[in-house]
Amino acid sequence: MVSKENKSLRKNNSNVILKTIFNEERISRKDLAAKTGLTTGAISKIVAELLDSGIICETGLDKASKRLGGPTPVFLGINENKYYVLTIHIGLTTLVMGISNLNAHIITKKHLALAKIQSLSELQALIAQTFLEQKKAYELTDQQILAVGLSIGGSIDKEGVVHYDDLAFLNKANLREALEDLLGLPVYQENVIRALTHGEYWFGQAKKCDNFALVYTGGIAAALICLEGRIIDGQQG
């Protein structure tokens, strides 16, 4: 039986490997070991699992790499169009829904007014219909959608309950559970500022930086600090 600690370590190592592949765009197993500090055995095992899942793929031979005998190193990269992610942002007046590939390239996006939405069930119906239309337009199957990324104003407590006084029908709702039941997909929800920070870390200006601060000035002013790839929580989460 694999212990909880070992599972956590394995997940962390997988995240480190994925993050490095995202950053480098293509990289050999040997260079992955050098950059991450993981053993070649750990690299081989986790890379094999990621290849089996289809999230990464082999992209060609590293013919420029100097070597002393043995096979030519093989580049690894993100298999960006194998799977997709449904992205949802719920603002005060607008619902934004899109589908992006694994390198965060948006293939479709739609802005929808929330003025006539008065209940969680009405919001669910709008999300379900829009998602169906987007999948049909791009001929995507349910199996190609890995998960849902959800960002929302207000705050989200540790139980996943939304606290958003400006949208009464969402205040104190467990939106993650509601959408998981509706769509049959895992939902990862964050406050909009935390979601922006994750986006900058994985795909934006902070892609190759583990320590940075994000400052947002829009309808609100907010800031978050990321240290060693982890968002530092303040008093309000």
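See the structure above.
The text that follows walks through the structure, step by step, so that each part is easy to find. Being a predicted model, the structure only gives us computed values, none of them experimental.

What follows covers the packing of aromatic side chains. Inspection of the entire model under this criterion finds four aromatic pairs. For the pair Tyr201 and Phe212, a centre-to-centre distance of 6.4 Å together with 15 degrees between the ring planes defines the contact as stacked. Of this pair, Tyr201 sits in helix α6 (residues 192-203) while Phe212 sits in strand β11 (residues 212-217), and the two are 11 residues apart along the sequence. As far as burial versus exposure is concerned, Tyr201 and Phe212 are alike and both buried. An aromatic cluster of at least three residues, connected via ring pairs, comprises Phe22, Tyr201, Trp202, Phe203 and Phe212. Over the face of the ring belonging to Trp202 we find Lys19, whose NZ or CZ atom lies 5.3 Å from the ring centre. Over the ring of Phe131 we find Lys135; its NZ or CZ atom is 4.5 Å from the centre of that ring.

Here we come to the side chain of Thr197. The topology assignment puts Thr197 in helix α6. Exposure remark for Thr197: the relative accessible area of 1% places this residue in the buried category.

This part is about the packing of helix α2 (residues 29-36) against helix α3 (residues 40-53). Orientation of α2 relative to α3, taken along the N-to-C sense of each, is 120 degrees, at an axis distance of 10 Å. By the angle class used here, α2 and α3 are oblique. Crossing hand, α2 versus α3: right-handed. Contacts between α2 and α3 pair Arg29, Leu32, Ala33 and Thr36 from the former with Thr40, Ile43, Val47 and Leu51 from the latter. Looking at side-chain class alone, the contact of α2 with α3 contains five nonpolar, two polar and one charged residues.

Because an α-helix completes one turn every 3.6 residues, residues spaced three or four positions apart along the sequence face the same direction. The complete set of buried residues in α2 reads Leu32, Ala33 and Thr36. For α2, the arc enclosing every buried residue in end-on projection is 100 degrees, short of the 170-degree limit, so these residues lie on one face. Structural note: α2 exposes Lys30, Ala34 and Lys35 on the side pointing more than 90 degrees away from its buried face. At the C-terminal side of α2, Gly37 shows a positive phi close to 80 degrees.

Quick look at the pairing of strand β3 (residues 74-78) now. The buried count for β3 comes to four of five residues, which makes it a mostly enclosed element. In terms of strand pairing, strand β1 (residues 27-28) meets β3 through two bridges, oriented antiparallel. Across the sheet, Ser28 pairs through a bridge with Phe75, a residue of β3. Of the pairings in the sheet, the one linking strand β2 (residues 56-61) to β3 comprises five bridges and is antiparallel in character.

The residue Glu25 is not glycine, and still its phi comes out positive at about 75 degrees. Within the secondary structure, Glu25 is located in the loop between α1 (4-24) and β1. Here the phi dihedral of Glu139 falls at roughly 55 degrees; this positive angle occurs in a residue that is not glycine.

What counts and how
- By convention here, each chain's residues receive numbers from 1 onward along its written sequence.
- Under the rules for a predicted model, residues below a pLDDT of 70 receive no local features and side-chain atom pairs below 80 are neither given nor counted, while totals for whole chains, interfaces and linings still include all residues.
- Think of the side-chain values as coming from all heavy atoms in the structure, minus any hydrogens and water.
- The rule is short: rings of Phe, Tyr and Trp, with Trp giving its six-membered ring, pair when the centres are within 6.5 Å, and they are stacked under 30 degrees, edge-to-face over 60, tilted in between.
- Helix numbering and strand numbering both begin at the N terminus, where a helix is a DSSP run of H or I of at least 4 residues and a strand a DSSP run of E of at least 2.
- The buried label goes to any residue with under 20% of its type's maximum accessible area, the exposed label to any with over 50%, and the partly exposed label to all in between, with areas taken from a 1.4 Å probe on protein chains only.
- Charges are assigned to positions over rings by a cutoff of 6 Å between ring centre and Lys NZ or Arg CZ, combined with an angular limit of 35 degrees from the ring normal.
- The convention used is that axes are lines fitted to C-alpha atoms, helices contributing only their stretch in contact, and that angles between N-to-C directions extend from 0 to 180 degrees.
- Roughly parallel refers to an angle under 35 degrees, roughly antiparallel to one over 145, roughly perpendicular to one between 65 and 115, and oblique to any angle outside these ranges.
- By definition, any crossing whose near helix is turned counterclockwise from its far helix by less than a right angle is left-handed, and any crossing with a clockwise turn is right-handed.
- Whether two residues are in contact is decided by their heavy atoms: any pair within 4.5 Å suffices.
- Side-chain classes follow a simple rule in which Ala, Val, Leu, Ile, Met, Phe, Trp, Tyr, Cys and Pro form the nonpolar group, Asp, Glu, Lys and Arg form the charged group, and the remainder, Gly included, forms the polar group.
- This arc is taken over the directions from the axis of the helix to the C-beta atoms.
- Two strands qualify as a pair provided that DSSP identifies no fewer than 2 bridges between them.

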